[in-house]
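Read off the chains here:
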Amino acid sequence: MDETSTSAADGPDAATSPFRARLAFDLDVDICVVGAGLAGLTVAREAARLGASVAVLEGRQVGWNASGHHLGTVMPGFGLPVADLIERVGLEGARELWALSKQGAEYVRATATEELIPGIGMSEGVLEVSNVDAGETLIRRLHTLAGDFATEVEGWQVDRVRSALRTGRYFHGIHYPKAFQLDGRKYVHGLAALATRMGARIFEETPVVNIDFSGIRKRIVTPSARLRATHIVLAGNIHLGAPLKRLSDTLLPVWRYAALTEPLGAALADVIAFRGSVTDSDGIDHFRIVDGDRLLWASPETTWDARPKRFGAAVQRRIATVFPQLGKVPIAEIFGGALGVTVHGMPQIGQLRKGLWVASGFGRQGLNTSAMAGQLIARSILWGDDRWRLFSPFELVWAGGTTGRIAGHFIGLWARGASSAAGALARYREGVRAKERVREARLAAANLKAGTRGPPRRRPPPGAVRPAPPAPVREAAEPRPASSQESEHISGGPM
Ligand SMILES: Cc1cc2nc3c(=O)[nH]c(=O)nc-3n(C[C@H](O)[C@H](O)[C@H](O)COP(=O)(O)OP(=O)(O)OC[C@H]3O[C@@H](n4cnc5c(N)ncnc54)[C@H](O)[C@@H]3O)c2cc1C
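Residues numbered from 1 in each chain as written. Predicted model: local features only at pLDDT ≥ 70, side-chain atom pairs only at ≥ 80, totals over all residues. Heavy atoms only, no water.

Enquirer: Which residues make up the packing of helix α3 (residues 82-111) against helix α4 (residues 135-148), and what values do they have?
Expert: The geometry of α3 relative to α4 is characterised by a closest axis approach of 12 Å and an angle of 20° between their N-to-C directions. The orientation of α3 relative to α4 falls into the category roughly parallel. With respect to the hand of their crossing, α3 and α4 are arranged in right-handed fashion. In this structure, α3 contributes Val82, Ile86, Leu91, Arg95 and Trp98 to the contact, and α4 contributes Arg141, Thr144, Leu145 and Asp148. (Axes fitted to C-alpha atoms, helices over the stretch in contact; angles between N-to-C directions. Helix = DSSP H or I, 4+ residues; strand = E, 2+ residues; numbered from the N terminus. Parallel < 35°, antiparallel > 145°, perpendicular 65-115°, else oblique. Left-handed = near helix turned anticlockwise from the far one by under 90°. Contact = heavy atoms within 4.5 Å.)

Enquirer: So what's going on with the packing of aromatic side chains? Which residues, and what values?
Expert: Under the defined criterion, the tally for this structure stands at 9 aromatic pairs. Their ring planes at 80° and their centres at 6.0 Å tell us that phenylalanine 25 and phenylalanine 203 sit as a pair that is edge-to-face. With phenylalanine 25 in the loop between α1 (11-16) and β1 (27-34) and phenylalanine 203 in strand β7 (residues 201-203), the pair connects residues that are 178 residues apart, well separated along the chain. Taking 5.7 Å as the distance between ring centres and 80° as the angle between the ring planes, the aromatic pair formed by tryptophan 357 and tryptophan 388 counts as edge-to-face. Here tryptophan 388 lies in the loop between α10 (367-383) and α11 (401-450) and tryptophan 357 lies in strand β17 (residues 356-360), a separation of 31 residues in the sequence. Across this residue pair, the class does not change: tryptophan 357 and tryptophan 388 are buried. Here the aromatic residues Phe287, Trp297 and Phe323 are joined through ring pairs into a cluster of three or more. Geometry around tryptophan 156 places arginine 160 over its ring, the cationic atom sitting 4.0 Å from the centre. (Phe/Tyr/Trp six-rings, centres within 6.5 Å; stacked < 30°, edge-to-face > 60°. Buried < 20%, exposed > 50% of the residue type's maximum accessible area, 1.4 Å probe, protein only. Lys NZ or Arg CZ within 6 Å of the ring centre and 35° of its normal.)

Enquirer: Talk me through the site of the ligand; I want residue IDs and the actual numbers.
Expert: With respect to spatial proximity, 37 residues lie near the ligand, and among them Glu58, Asn65, Ser67, Thr73 and Gly363 are the closest. The contact in question runs from an oxygen atom of the ligand to an N or O atom on the backbone of glycine 72, over 3.3 Å. The backbone of threonine 73 places a nitrogen or oxygen atom 2.8 Å from a nitrogen atom of the ligand. Among the elements of the structure, α2 (38-49) and β15 (331-341) are those that each provide at least two residues to the shell around the ligand. Of the residues in the shell around the ligand, the class split is 16 nonpolar, 18 polar and 3 charged. Residue-level mapping places the shell around the ligand at the junction of two domains, with at least three residues from each of domain 1 (11-69 + 186-251 + 344-399) and domain 2 (122-180 + 254-337). (Near = heavy atom within 4 Å. Polar contact = N/O pair within 3.5 Å; in protein donor to acceptor, adjacent residues only side chain to side chain. Nonpolar A, V, L, I, M, F, W, Y, C, P; charged D, E, K, R; others polar. Domains from an automatic or database assignment.)

Quick look at the structure:
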């Protein structure tokens, strides 16, 4: 079936209308997907494309939770840092998993075209910046990503980062020229439309309240109808609830909030010259410019469900902390969604028992990973492709129930506090280094005037760091003379 055309039966509205009926009659299908977020919709679209009859049961509306309230940044990889991934499964295993994550990003890229999803607004380039002066760590990661994981990356020196982002809070950066961003809400609704065009049926306001998965044909119970299916895909994230409480208990829920500012005028471009998404390496702030002069900014998090409106002031404070030049920006809209975070930091993808599948735990990086999960599960059900087994080392681990949530909150606070302290220390050291350089220059000038050879050796003040040699990060930067031998561009294959 051609995804770019709607059939007469679909009508132009069947695929794009925000209203979809609730399931009011009993139904028999090959695959029942629970949850119409990014994960469930990708499974549905792919399984329907491969010829299965598919019903998606959504307790509220398409994209009701995180999938309709994210920032739309698409990167390769997982929430788990690459070094930890290697430690966990070895270099070869990590490379295979990373390659799948890149395929997930490519799936989103191929879907997010103007032809398939009009107005999707895809643009390239994502910058990950460091809150601390960590050149050595950065260069190691650059080598790993470019060399071992064939991912196109560029190292940006502090000066380059600071000319793109006028703040003293960030040091080095990793630029992913092939990572990209899109309009998040359009993407999830576009995905629903595409799944529908492939023949999948989506029912909203249809919560699954019970599942009997004992037989070959499994029974799914909703308040108004029953459904029978050979395969059930649980893509309900943290809201799955009663049907499989033990599965929900393996996710630590984290609510993340974001704000869209009012137009900020030309001042914004003076402060933020980078046009793609920016994330900091501690996962605290994540932002980009949209509509020319507005800021889209995600930062605050809680481990309980709170009204997003409460966090407008917190986002304003974060923006003013990172870019004091902008002052207190007016907020036009504030939104948020719940993430399911696993104990090991990797998504839950696979078959729990015959015909019962799980696709959840995508955390803060759900776009590429849910796309990857959707493809893997659909292909496994219909083609017998068993690459989902690469995720087997990451079992379902109990996230600790209520105690775990409270602990998770304090761990989160501690981690944010620790990284902000590390950032403050890095900026303090940088200040001391700068003052030291000025003093050295003054002393040298004075000595020159007095006719002496050089400054006497002095002991550094307590806590000061010696003037650092140029940071070892290689820079992709501006065009260089062709004769330059020191290639400062680290890049691998296409992302
Ligand atoms: C503020 C914010 C910014 C983000 N930014 C990015 C970003 O830039 N890039 C990125 O990659 N990721 C980002 N994310 C993360 C990403 O949005 C999530 O990882 C992803 O959307 C999770 O998708 P999902 O399908 O697993 O879950 P969900 O979106 O939660 O979808 C699950 C659906 O299942 C339904 N459901 C649950 N239980 C039942 C049931 N029993 N019966 C019927 N239906 C049920 C729910 O109603 C829900 O609609 C961000 C998240 C937030 C909150």
